[in-house]
Amino acid sequence: MKVTLTVNGRAADLDVDDPDMPLLYALRDGLALRGPRFGCGLAQCGACTVHVDGKAVRSCVYPLRSVGKGKVTTLEGLGTSAHPHPLQQAFIDEQAVQCGYCINGMIMQAKALLDSTPHPTEGEIKDALARNLCRCGTHLRIVRAVKRAARVA
Amino acid sequence: MNSMDDSDVQVINVSRRAFLGAISAVGLVLVVGCSRRDTASADPPKYGADSMPHGWVDNPLAFVAIAADGTVTVVCHRSEMGQGVRTSLPMVVADELEADWRRVQVQQAPGDEQRFGNQDTDGSRSVRHFFAPMRRCGAAARTMLEQAAAAHWGVPSGEVTAVNHEVVHGPTNRRIGYGELAVAASHLKVPAGDTLRLKAPSQFRYIGKGEVRLVDGPDIVAGRGMYGIDTVLDDMLFAVVARPPVYGGKVGSYDAAAALKVPGVVKVVEIPGTPPPSEFQPLGGVAVIARNTWAAIQGRQALKITWQDGPNVVYDSKAYRATLEQAARTPGEVVRNQGDVPAAMARAARRIEAEYYIPHMAQTPMEPPAATARIVDGLCVIWTATQAPQATRDRVSKRLAMPSENVTVNVTLLGGGFGRKSKPDYVVEAALLSREMKGVPVKVTWTREDDVQHGYYHTVSVEHLEAGLDAAGKPVAWLHRSVAPSIRSIFGPDPRHEAPFERGMGLVNVPFGIANLRVENPAAEAHTRIGWYRSVSNIPHAFAIQSFVAELAAAAGRDPKDYLLELIGPAQRVDPRTMGDSWNYTESPERYPFDTGRLRRVIETVSREAGWGRKLPPGQGLGIAAHYSFVTYVAAVVQVAVSGKGELTIPRIDVALDCGPQVNPERVRTQIEGACVMGVSNALASEITFKAGRVEQSNFNDYQVARIDAAPREIRVHLIASDFDVPLGGVGEPGVPPIAPALCNAIFAATGKRIRQLPIRDQLAAHGSQPAANG
Ligand code: FES
Ligand code: FES
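Reading the values: the criteria
Residues numbered from 1 in each chain as written. Chains lettered and ligands numbered in written order. Predicted model: local features only at pLDDT ≥ 70, side-chain atom pairs only at ≥ 80, totals over all residues. Heavy atoms only, no water. Helix = DSSP H or I, 4+ residues; strand = E, 2+ residues; numbered from the N terminus. Rg over C-alpha atoms; globule rule 2.2 N^0.38 Å. Contact = heavy atoms within 4.5 Å. Lys, Arg positive; Asp, Glu negative; His and termini not counted. Charge placed at Lys NZ, Arg CZ, Asp CG, Glu CD. Salt bridge = Lys/Arg side-chain N within 4 Å of Asp/Glu carboxyl O. Buried < 20%, exposed > 50% of the residue type's maximum accessible area, 1.4 Å probe, protein only. Domains from an automatic or database assignment. Polar contact = N/O pair within 3.5 Å; in protein donor to acceptor, adjacent residues only side chain to side chain. Nonpolar A, V, L, I, M, F, W, Y, C, P; charged D, E, K, R; others polar. Pairing = 2+ DSSP bridges. Axes fitted to C-alpha atoms, helices over the stretch in contact; angles between N-to-C directions. Expected span 1.5 Å × (residues − 1). pLDDT = per-residue confidence, 0-100. Phe/Tyr/Trp six-rings, centres within 6.5 Å; stacked < 30°, edge-to-face > 60°.

The secondary structure content of chain A amounts to six helices and five strands. Along chain A, helices and strands appear, N-terminal first, in the series β-β-α-β-β-α-β-α-α-α-α. Against the 2.2 N^0.38 benchmark of 15 Å for 153 residues, chain A shows a C-alpha radius of gyration of 15 Å, consistent with a compact globule. In terms of overall dimensions, chain A has C-alpha extents of about 45 × 30 × 25 Å along its principal axes. At a minimum sequence separation of 6, the contacts of chain A that also span at least 24 residues come to 57%. Of the charged side chains in chain A, 19 are positive and 14 negative; the average position of the first set lies 6 Å away from that of the second.

This part takes up the pattern of salt bridges. Counted by the stated rule, this structure contains 55 salt bridges over all chains. Close ionic contact of Arg144(A) with Glu94(A) constitutes a salt bridge, the shortest N to O distance being 3.2 Å. Within this pair, whereas Arg144(A) is found in helix H6 (residues 139–152), its partner Glu94(A) is found in the loop between helix H3 (86–93) and helix H4 (103–116), the two being separated by 50 residues in sequence. Given a relative accessible area of 38%, Arg144(A) falls into the partly exposed group. Between Asp122(B) and Arg125(B) there is a salt bridge; the shortest N-O distance is 2.7 Å. Take Asp122(B): its relative accessible area is 22%, and that puts it in the partly exposed class.

Quick look at the domain arrangement of chain A now. Residue and element names in this part refer to chain A. Parsing chain A into structural domains produces domain 1 (2–77) and domain 2 (86–152). Computed over C-alpha atoms only, the centres of domain 1 and domain 2 are separated by 21 Å. Between domain 1 and domain 2, the residue contacts involve 18 residues of the former and 13 residues of the latter. On inspection of domain 1 and its partner domain 2, the count reaches zero salt bridges. Seen at the junction of domain 1 and domain 2, the total is nine residue pairs in polar contact (both at pLDDT 80 or more). Of all elements in the fold, only strand S3 (49–52) and strand S4 (55–58) reach the threshold of two or more residues within the side of domain 1 that touches domain 2. It is S3 that contributes the most residues to the side of domain 1 that touches domain 2, three residues altogether. Looking at the side of domain 1 that touches domain 2 residue by residue, the class counts come to eight nonpolar, eight polar and two charged.

Residues and elements named next belong to chain B. The strand order S1-S2-S3 describes an open sheet built from three strands, whose pairing is mixed. Taken across any chain shown, the strands that pair with only one partner, and hence form the sheet edges, are strand S1 (64–66) and strand S3 (104–108). Taking each pair of neighbouring strands and ignoring which way they run, the sheet shows an average axis angle of 25°. Both strand S2 (residues 72–76) and S3 contribute to a ladder of five bridges, which runs parallel. In the sheet register, Thr73 faces S3, and the bridge partner there is Gln105.

It is worth spelling out helix H17 (residues 538–556) of chain B at this point. Note on helix geometry: an α-helix contains 3.6 residues per turn, so any two residues three or four positions apart are oriented the same way. Residues and elements named next belong to chain B. Here H17 is 19 residues long and its end C-alpha atoms lie 26 Å apart, about the 27 Å a rise of 1.5 Å per residue gives. H17 sits mainly inside the fold: 17 of its 19 residues count as buried. Directly beyond the C-terminal end of H17, a positive phi value near 70° is found at Gly557.

All names here are of chain B. Most of strand S10 (residues 285–290) is tucked away: six of the six residues are buried. Of the strand pairs in this sheet, strand S9 (residues 265–271) and S10 are connected by six bridges, and their pairing is antiparallel. Its bridge partner lying in S10, Lys267 is registered against Ile289.

Glancing now at the interface of chain A and chain B. Taken together, the contact between chain A and chain B spans 56 residues of the former and 70 residues of the latter. The interface formed by chain A and chain B includes six salt bridges. Here Arg291(B) and Asp17(A) are joined by a salt bridge, their closest N and O atoms 2.9 Å apart. Our enumeration of links across chain A and chain B arrives at 28 residue pairs in polar contact (both at pLDDT 80 or more). Elements supplying a minimum of two residues to the side of chain A that touches chain B: strand S2 (10–15), helix H1 (23–30), H3, H4, helix H5 (122–129) and H6 of chain A. Grouping the constituent residues of the side of chain A that touches chain B by class yields 26 nonpolar, 15 polar and 15 charged.

So, on to the confidence of the model for chain B. All names here are of chain B. For chain B, mean pLDDT is 93; residues scoring 70 or higher make up 93% of the total. Contacts of residues 1–40 to residues separated by more than four positions or lying in other chains number 88 contacts, the stretch itself having pLDDT below 50. Within the model, pLDDT remains below 50 along residues 769–775, and this stretch shows 17 contacts once partners closer than five positions in the same chain are excluded. For this predicted complex, the interface confidence score (ipTM) comes to 0.98, while the overall pTM stands at 0.95.

Another aspect to go through is unusual backbone geometry. Residues and elements named next belong to chain B. Cis geometry is found at the peptide bond from Pro276 to Pro277, where omega equals 0°. Its location among the elements puts Pro277 in the loop between S9 and S10. Backbone torsion omega between Leu758 and Pro759 reads -5°, so that peptide bond is classified as cis. Tracing the backbone shows Pro759 in the segment after helix H21 (739–751).

On to the packing of aromatic side chains, then. Residue and element names in this part refer to chain B. On inspection of all chains with the given rule, the structure shows 23 aromatic pairs over all chains. Centroid distance Phe63 to Phe116: 5.6 Å. Interplanar angle 70°. Geometry classified as edge-to-face. A residue pair is termed long-range when its members are at least 10 positions apart, and Phe63 in helix H3 (residues 60–63) and Phe116 in helix H5 (residues 113–116) qualify at 53 residues. Phe116 carries the same exposure label as Phe63, and that label is buried.

Residue and element names in this part refer to chain B. What the four strands build is an open sheet, ordered S23-S24-S25-S28; its pairing is mixed. Either end of the sheet is taken by a strand with one partner, and the two such strands are strand S23 (620–629) and strand S28 (715–719). When the angles between neighbouring strand axes are averaged without regard to direction, this sheet yields 15°. Looking at chain direction, strand S25 (residues 648–658) and S28 are connected through five bridges and run parallel. From the neighbouring strand, Asp654 faces S28, where its bridge partner is Arg716. Sheet strands touched by helix H19 (residues 596–610): S23, strand S24 (632–642), S25 and S28. Its angle to S25, the strand with the most contacts, is close to 140°. Sitting on the sheet, helix H20 (residues 665–684) is in contact with S25 and S28, with an inclination near 130° to S28.

Shown next as structure tokens:
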């Protein structure tokens, strides 16, 4: 079947075998996007986080059929390497990246937080990121990056 | 394939080899050369990089290319997995080259050790082994540019100097850019290594400063990082594999009918396994190949497979622990012995005994293993996240019965490695499946369940310690029995004893001035694949020894820090061989003795910086531990708070580290910060257990690692300053081992409860906080 997704402001047609396929696989295998990442496939790590209509969701368990006409935003939709979004820039400035694999989830989750709470406390940042895993252990710098982004916003 | 971004496809379709060729076609000068340092015949013993397969290469023709517009491309031949090596090593080349970092690009090398030297990104040795060769590489290229400029102006080469991407003629102040000199320079002879003029450290622009940012940072934060799991090629297929749940098991029979009905599934094939010892070859099983990863996963779920489990079906972690404990209470193979331990124990005023248990753990890098392979016209091209590009190439060529030069291994970014990606079994799977599909590109993705259940696990061990104390509480006898299955069991018949490299990770090389000291290693059989996990055997050895020292201090009524320093004794440089360590992280025992003065210094530094002895509220405590590993000295002070309900938080960790000179101090700090969190994960939560030969955990819900709420609230890293003439130590791993014992020592100080078994998990639940008598 044909499915049309709106991703980062562009419409994309996809041939889909299974409407229950989670969004992540459509974005990665179908659209060759690599902001959203596969980390667990079980809503445990947050690496796959994207926004649907501005809400952060775990795309690894979010069925395509629930997306409907929803607007999907991925990390690629925030900014580019040359023109990063302030939140992305804050991660660069704090040198918060180690391997970088968790960073998509950290930024997309933090973006959702800052959209609703522009000046969060450290506790609010940690609560928001509590379900996101980072195996490299760069947590403290991630928190600093989100604080910095909130400051410059 | 409907790509959202056309440039993706382009990037992926160009092999590294073609890319290097392409730049040379547009006016690149220093093109790829070939240099080989053969380390096969080893008459005088070889150490460090010399001792590694294919040694080192410092030829600028292999590592540096300069385009007509002045863009400098530096090849990084080690794998980037978060340690920052794609920044640090090219930065060293750029510094000696007098290149302007803003005009430097980094190109990842494919697996080719003949050309680049050893590429095994493990053992905390990328910068340790390649700092000097990369300096020479940059200095040689700089010298060639200076010679070319001198020839261009017809002046003596002594009158010209390379400064920040151009060469200057001093007497006339004429200047010429690197881009203009590149072609002429490329025709000159590469100067011999011993004729090179290296910079004095005071002239370093980037080395030792920590101001150069990660080269991949901007791409990673924008979703442009290219990891092993990201490869997308035209007409590619996606596969997952159902592997035998028991190590050494195999497929009895299977029924693929239902799997083949899953929409999107293309084919189901059996992969023959490799009976133990299976080294880096696949476990075998049944592969489902599909049009996307999701269909492959659904197809796998629909498979009906009957497994033949084989003898390891008996593996049961509870029973095995009892076996290890029994072994640890019985004399075993003696691996270090000095004085007369039984006699000294008999005379001792007091005897103390403790046993520690450290379970299997899994590396669980955030990016699970994944690889893509394509075979066209007898050439196999791989894209993967690997710590061992040459080993990968060798294993693929062996399994496909293809000459090694017909296999290209393109190395992507690694979403974490921690030792898992040193073993390329997953890459061989991809190559076999591509061959099965007549060369069509196939990507194999390991789901998290695959990663947790079919890994190469950190060993499991029981560490049994006994000490005899004199009347003043000072140890006069020390007995340590370590029992753990060995990594060597994946390479050959199970030796059932720790290898010299495992014993050298803090078991035999205990730096204590105790006259009667004996270390034994009773036998233990492996029932699963045992593999390297960041810091390896240092984890159990440091946990046991540093916990036990604190236990002895408590028994003697002494301050644990003072007691530890006293045990280490006065500063001296000890030949590791005299401690039963013939391995010494492959480094020369003369250049890298065990320097107890440096160990003392990190302990003294961290206690001062952490405010050792400061007064804390009830339920809080400080713990200390120190450990030497990867020729680096580390000490940690952990502060814990334990609530009345037994909930643990970690307000702060201080770490002091002496790794010799720090080439990229900012990356050293981040590695230590990460090591603190990983050490906390090991201590608090992570455990792999087996029942009926099968791993009982499956994903991050039951294999747990520290999340942001469990991570320390504050980490302070104190780097010991060092001159550049001191030999470099490792950085990636040595931060981990002292964290768990320091944490448990802090728990003792806070509550009086001694943790002897990891992970801590709910061991504090029953306890709550009550101040300890000592500590
Ligand atoms: S991949 Fe979706 S939460 Fe882990
Ligand atoms: S930076 Fe590697 S997992 Fe977070």
